[in-house]
Amino acid sequence: VIMEAALAGVPVITTQVSGIQGIVECGVSGYVIQQGDEKAFIEAVKTLSSDSVLREHMSKAIREKAQNMLSIESMLKSQKAVYDYLI
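A quick note: this is a predicted structure, and the numbers were derived from the prediction, not measured. (Residues numbered from 1 in each chain as written. Predicted model: local features only at pLDDT ≥ 70, side-chain atom pairs only at ≥ 80, totals over all residues. Heavy atoms only, no water.)

(A) View of the overall build of the protein chain. Secondary structure summary: the protein chain contains 4 helices and 2 strands in total. Helices and strands appear in the protein chain in the N-to-C order α-β-β-α-α-α. Here the protein chain has a C-alpha radius of gyration of 15 Å; the compact-globule value for 87 residues is 12 Å, and the former is much larger. Counting over 87 residues, the protein chain shows a buried share of 23%. Taking contacts inside the protein chain between residues at least 6 apart in sequence as the whole, the part at least 24 apart equals 49%. Separation between the mean location of the 8 positive side-chain charges and that of the 10 negative ones in the protein chain comes to 2 Å. (Helix = DSSP H or I, 4+ residues; strand = E, 2+ residues; numbered from the N terminus. Rg over C-alpha atoms; globule rule 2.2 N^0.38 Å. Buried < 20%, exposed > 50% of the residue type's maximum accessible area, 1.4 Å probe, protein only. Contact = heavy atoms within 4.5 Å. Lys, Arg positive; Asp, Glu negative; His and termini not counted. Charge placed at Lys NZ, Arg CZ, Asp CG, Glu CD.)

What follows is the structure, given as structure tokens:
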């Protein structure tokens, strides 16, 4: 779901889960908060809903990150790394 949101240009509010570090950069393309930290979650929602300039910057940043991660060049590089590892 996070990658789909990123491709749609939706800034993400998430907790620390495996693999998220490569997609969401806290304060740049969304917010990464501690699990169970309700105050941080509420603050992140308030900030994103009230600051259209920040929301637009984060939207652009996360969309570009997702597009770069899913580009053909990036996929080929990843596949080559696996191939080189196996040989």
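There's plenty left to go through after this.
(B) Broad picture of the environment of Val53. Looking at the element boundaries, Val53 is found in helix 3 (residues 52-69). For the pair formed by Val53 and Thr14, sequence separation is 39 residues and the distance between their alpha carbons is 20 Å.

(C) Molecular detail of helix 3. Look at helix 3: 26 Å from first C-alpha to last across 18 residues, which is about the 26 Å you get at 1.5 Å a residue. Tucked into the core, helix 3 has its buried residues touching helix 1 (2-7), strand 1 (12-15), strand 2 (30-33) and helix 2 (38-50). The N-terminus of helix 3 is capped by Asp51, whose side-chain oxygen sits 3.3 Å from the backbone nitrogen of Val53. (Expected span 1.5 Å × (residues − 1). Polar contact = N/O pair within 3.5 Å; in protein donor to acceptor, adjacent residues only side chain to side chain.)

(D) Structural view of the nonpolar core. Membership of the largest hydrophobic core is limited to 9 residues, which are Ala5, Ala6, Val12, Ile20, Ile23, Val24, Val32, Ile62 and Ala66. For this core, the secondary structure elements donating two or more residues are helix 1 and helix 3. Those residues in contact with Val12, other than ones at most four positions away along the chain, are Ile2, Ala5, Val24, Ser29, Gly30, Tyr31 and Ile62. (Core = buried A, V, L, I, M, F, W, Y, C linked by side-chain atoms within 4.5 Å.)

(E) Region of the structure containing the confidence of the model for the protein chain. On average, residues of the protein chain score 91 in pLDDT, and 99% of them reach the 70 mark or higher. Looking across the protein chain, the model is least confident in helix 4 (residues 72-86), with a mean pLDDT of 88, and most confident in helix 2, with 96. (pLDDT = per-residue confidence, 0-100.)

(F) Expanded view of a nonpolar patch on the surface. Among the surface-exposed residues, Leu7, Met69, Leu70 and Met75 lie close enough to one another that they form a single nonpolar patch of about 310 Å² accessible area. By the element assignment, Met75 lies in helix 4. (Patch = residues over 30% accessible without salt bridge, like charges linked within 9 Å, V, L, I, M, F, W, Y side chains within 5 Å. Areas by Shrake-Rupley, 256 points an atom, 1.4 Å probe, with all protein chains shown as cover. Salt bridge = Lys/Arg side-chain N within 4 Å of Asp/Glu carboxyl O.)

(G) Molecular detail of the pairing of strand 2. Along strand 2, one buried face is formed by Gly30 and Val32 and the opposite face, lined by Tyr31 and Ile33, is buried too. In this structure, strand 1 lies alongside strand 2, joined through 4 bridges in parallel fashion. Looking across to strand 2, one finds that Thr15 is bridged to Ile33. (Pairing = 2+ DSSP bridges.)

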